[in-house]
Structure formats: structure tokens, C-alpha cells
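For reference, the chains in residue letters:
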Amino acid sequence: MERIRIVGGRPLEGTVRISGAKNASLPDVCAALLTDGQVVLHNVPEVRDIRTMGRVLADLGAAVDFRVGGTVAIQAGRITSVEATYDLVKTMRASVLVLGPLVARAGRARVSLPGGCAIGARPIDLHLRALEKMGAKIHVESGYVEARAERLRGAEVAFDMVTVTGTENVMMAASLAEGETVIRKAAQEPEIEDLAALLVAMGAKIEGAGSPTIRIRGVEKLGGAEHTVIPDRIETGTFIGACAVAGGDIEVRNCQPAHLRPVIEKLRETGIRIEEGPNNMRVRAPRTLRASDVTTEPHPGFPTDMQAQYMALMTQAAGTSTITETIFENRYMHVGELQRMGANIRVDGRKAVVTGHTPLSGAQVMATDLRASACLLLAALAARGETIVDRIYHLDRGYYRIDEKLRGIGADIERVGQGGRRATDAVVSAEPTA
Ligand code: EPU
């Protein structure tokens, strides 16, 4: 199993290029199930979760062609199976995104329940209730959801709470349903707008994506399309954070500052200087970071996917900050590892109080989920001495070659095999877990 070795204390300088958004690419790839035409996606990050989704689609009968340079061509000429098995779904919750497209196109889906995951219970009840409202008959048996519908019909879907993949599932299903669907309390994340742009290019009739109310008029058939995925806003935020804790001055290219409004505002409060261009940013670390409280919220609030990285920053900030996680009930697994590196953090339910400016020292730490892994990299960049991050397959699920990118801007970081030997293949071979 591979690990990452980091020696902290080196400021970052230079330019880093952001990859396409994982959380936009995942639903975009699934949207290809809605048509027998070819869907060509550009700027797709070749991370493990995308590869896994490729396998899920291939199992359903789609031809999935990963080309060099982040292009993926998918053609689901015929759906030959409607089953997403436990073996694949357990490795990646986002597999549930095939549910809506399969019922809408093939009239049937059998998808394993994702079960709990490291960051919380994360049920899919809202997805199922919405599809039921659209006329699907749903059975949950032996750990599988079975959904059937001759043809889905448009409905009023009012979510009780904001759900990103739930909104995406309904948007995809409604695109081929009979009549109009109105989604209320829809997720407003930029990834929702990206999916809508792709669906519209395929022939769907969608209005309001990016607002709390989305209207979708179903059509008989969707066609192929070509689409470029938005840049990854969480990867962008992670690099800003890296520069802030390590010190330095970097340029972040191929990003979309407008998608990071709440993150940029919060990071500026901590003293980081961020100059925005249309598709790039210059980031300069302050001499001393300032503590600032944050609460995670659905977009346009501060994203839960940046909470762990923000906590690494707060361990180095002058003052005390309170971080409140409102989206997931168990997203503080990085805390124990940060404490082992010398951080002063107290967790009380959904709140974490970080007393900043404690020197961190390198240690052997373990990644527990994707964003927790990113948090540990940031802490390691700030720490004195050597940190070894274990279980980095979590990192490879969602960050494209983050070690190479960080090395490119001056970090002392390398990927090593079990025996400490430098790994040659940067995109790893370890199996993912839930
Ligand atoms: N929820 C329910 N029932 C449902 C659906 C959601 O109770 O049917 C709850 C969840 O348990 C959670 C909250 O609603 O407490 C919000 O979950 P949401 O459904 O929005 O999360 P998701 O769609 O499963 C996506 C991202 C996550 C990101 C969240 C929140 C993808 C593939 N995943 O998950 O990304 O944290 O939205 O923004 O888009 C990551 O990239 O590291 C990651 C975990």
C-alpha cells in the first residue's frame, strides 16, 4: 500500500493547474445513460472515483472510453443490465446516481444500498421518495433498491433537506419523464448547474438550475452531446489552503473563482491575500493567519468538503476558532490525527474548537476519507519534520496527482511504497474502501 511522505516547512511558489470537478464529472458520466447517443466529456479528472463510475456504467452495457487529456466518451447504445452491485456501490456512494437515469431510460433499476460511510450514515431516502412521487414503484430488499416505472411522470418534488446527488438524480430522471417536474429546496451547488448544462446540450428542458427551484419539462428522447466539466472548486480551495499553511505565493490556474465565493470570503478573513482573475487566482500567504469561525452549509454557504482543510489552517492561526459541521454528523475523523501532530482541538458534538498557533510536528498519520486526507497533507506542510500519510487511496479517489502538483510548486513530498521506496506510478494501485 502506498503512502505519502512530506517534509514540512517549505514555502510554495509557482503555478498549479486545477483539474475538472470530480463531483460534477460523476453525475455527468451517469447522464450518458439517458441516451443511446455518444456523450463526450472534457476536463474529467482521472481520479479513482471516476474510474469506478466508468466500471459501473460498463457493467450496465455502456462503452466507456477514457482518452488522454481528460476526455471520456460514453455510449450507452443499449442498456444490457440494470444492476449496480454491492461490490461497486460499497466503494463509492455516488454510484446511486445511476438510479434515476436507469429508471427513466430502461424502466427498471436494481441498485445496492450504499450503507453507512466514514463521514456519516448518509441515507438515500430522499432520492427514493422523490422517484416514488414520479411514479416509480420502489422495493428495498436484501440490501438492494429495486425501482420500476413504465414511464416516470413529472411531479412536485419538495426536498426536506438539501441533497446534492438527490437533486441530480431527480433532474436526470425528470428529463425523460412525462410532463413537468418542479424541484423545491434544490441543491444550488455549481455541480448542479454543470449537470443542467450537459442535460440541456442533450436536449433536456431545464430552468432554474443553481437556484432553489428547478423546473424540468420531460422530453421523449435525449441525444448525444459534448461538454466541458467545470474546474474542481474543492481542489482549488485545497491549494489555497496549502499555500496559506506552508507560506508562499502561488498562482492557481484553470479555476472558477465565482464558484468559490464563500471559501474566498472566509479565507480572506484569515488574512490570505487572494487576487482573482477570470480563470485564475494569485494567492499570497500572510505572515500570520488569523482565527475565524466557520459553519458548513449547503451552497452558497461554506462547503463541508473544505471543513477538514480549513481546520488544518486554523491550527496555525492566531486565536481560537469554532468550526461547526452541519452537513455530516461524523466528519471530524481528521481531528485525532491532527492532535497527534500537536494540534489543540476540542470536539463537542458538531462543534470543534481549535486553539491555534500550536507548532505541529511530523508524525505517522492515517487518512480516513478523502477530505480528511487533504487536511493531513496541509498539516504536514506546516509541520516540523517528516510526516507519513498512510491509506492515501482515499486521496486518490478525488484529487488528481496532488502529490505531483504540490511538488511542482516546491513542496517536499513524495509517494512511497510500503518499504519506503519511491513509487513510480503516481496514480496508484490500491483498492478503495467505503
Ligand atoms: N441525506 C439524507 N437522505 C438522503 C440524502 C441525503 O438524509 O436521501 C442527508 C445526508 O446524510 C447528509 C445531507 O443530507 O447529512 C446532505 O447530503 P447530500 O445528499 O447533499 O450529499 P451527497 O449528495 O451524498 C455530495 C458530494 C459530497 C459532499 C455533499 C455535500 C458528490 C458525489 N458528493 O454528496 O462530496 O460532501 O454532497 O456537499 O457530489 C466529497 O467530495 O468529499 C464528498 C463527500
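In case you missed it, the structure is sitting above this.
Residues numbered from 1 in each chain as written. Predicted model: local features only at pLDDT ≥ 70, side-chain atom pairs only at ≥ 80, totals over all residues. Heavy atoms only, no water.

Caption draft 1: The arrangement of the sheet that holds strand S1 (residues 3-7) in detail. Pairing is mixed across the open sheet formed by four strands, whose spatial order is S22-S23-S1-S24. Across the chains shown, the open sheet's two edge strands, defined by having one partner strand only, are strand S22 (364-366) and strand S24 (412-416). When the angles between neighbouring strand axes are averaged without regard to direction, this sheet yields 20 degrees. Across four bridges, the pairing between S1 and strand S23 (residues 386-390) is antiparallel. Note on S23: the bridge partner recorded for Ile6 is Thr387. Docked against the sheet, helix H12 (residues 370-382) engages S1, S22 and S23, running at close to 30 degrees with respect to S1. (Pairing = 2+ DSSP bridges. Helix = DSSP H or I, 4+ residues; strand = E, 2+ residues; numbered from the N terminus. Axes fitted to C-alpha atoms, helices over the stretch in contact; angles between N-to-C directions. Contact = heavy atoms within 4.5 Å.)

Caption draft 2: Region of interest: the packing of aromatic side chains. Taken as a whole and assessed by the stated rule, the structure comprises one aromatic pair. Residues Phe302 and Tyr310 carry aromatic rings whose centres are separated by 5.5 Å and whose planes lie at 70 degrees to one another, so their mutual orientation is edge-to-face. Just as Phe302 is buried, Tyr310 falls in that class too. In this structure, Arg51 packs its charged tip against the face of Phe66, placed 4.1 Å from the ring centre. In this structure, Arg110 is placed above the aromatic ring of Tyr144, and the distance from its NZ or CZ to the ring centre is 4.0 Å. (Phe/Tyr/Trp six-rings, centres within 6.5 Å; stacked < 30°, edge-to-face > 60°. Buried < 20%, exposed > 50% of the residue type's maximum accessible area, 1.4 Å probe, protein only. Lys NZ or Arg CZ within 6 Å of the ring centre and 35° of its normal.)

Caption draft 3: Main features of unusual backbone geometry. His299 connects to Pro300 through a cis peptide bond whose omega is 10 degrees. Position of Pro300 among the secondary structure elements: in the loop between strand S18 (294-295) and helix H10 (307-314). In the Ramachandran plot, Asn254 falls in the positive-phi region, its phi being about 60 degrees despite a non-glycine side chain. Counting through the fold element by element, Asn254 comes out in the loop between strand S15 (248-253) and helix H9 (261-269). The backbone of Arg391 sits at a positive phi, close to 60 degrees, despite the residue not being glycine. Looking at where Arg391 falls in the secondary structure, it is placed in the loop between S23 and helix H13 (393-398). Here Arg391 falls in the partly exposed class, since its relative accessible area comes to 35%.

Caption draft 4: Region of the structure containing the site of the ligand. Taken together, the neighbourhood of the ligand is formed by 24 residues, with Asp125, Thr163, Thr165, Asp305 and Ile327 sitting nearest. At a separation of 3.0 Å, an oxygen atom of the ligand approaches a polar side-chain atom of Arg122. One nitrogen or oxygen atom from the main chain of Pro123 is found 3.2 Å from an oxygen atom belonging to the ligand. Alone, the ligand offers 820 Å² of accessible surface; in the complex the protein occludes 90% of this. Where the shell around the ligand is concerned, the elements lending two or more residues are helix H1 (22-31), helix H5 (125-133), helix H6 (164-175) and H12. (Near = heavy atom within 4 Å. Polar contact = N/O pair within 3.5 Å; in protein donor to acceptor, adjacent residues only side chain to side chain. Areas by Shrake-Rupley, 256 points an atom, 1.4 Å probe, with all protein chains shown as cover.)

Caption draft 5: The packing of H10 against H12, seen in detail. Their axes nearest at 7 Å, the elements H10 and H12 cross at an angle of 20 degrees. Classified by the angle their axes make, H10 and H12 are roughly parallel. Our pair here, H10 against H12, has a crossing hand that is right-handed. Packed against H10, whose contacting residues are Ala308, Gln309, Ala312 and Leu313, the element H12 presents Arg371, Ala372, Ala374, Cys375, Leu378 and Ala379 at the interface. Here the residues of the contact of H10 with H12 are counted per class, giving eight nonpolar, one polar and one charged. (Parallel < 35°, antiparallel > 145°, perpendicular 65-115°, else oblique. Left-handed = near helix turned anticlockwise from the far one by under 90°. Nonpolar A, V, L, I, M, F, W, Y, C, P; charged D, E, K, R; others polar.)

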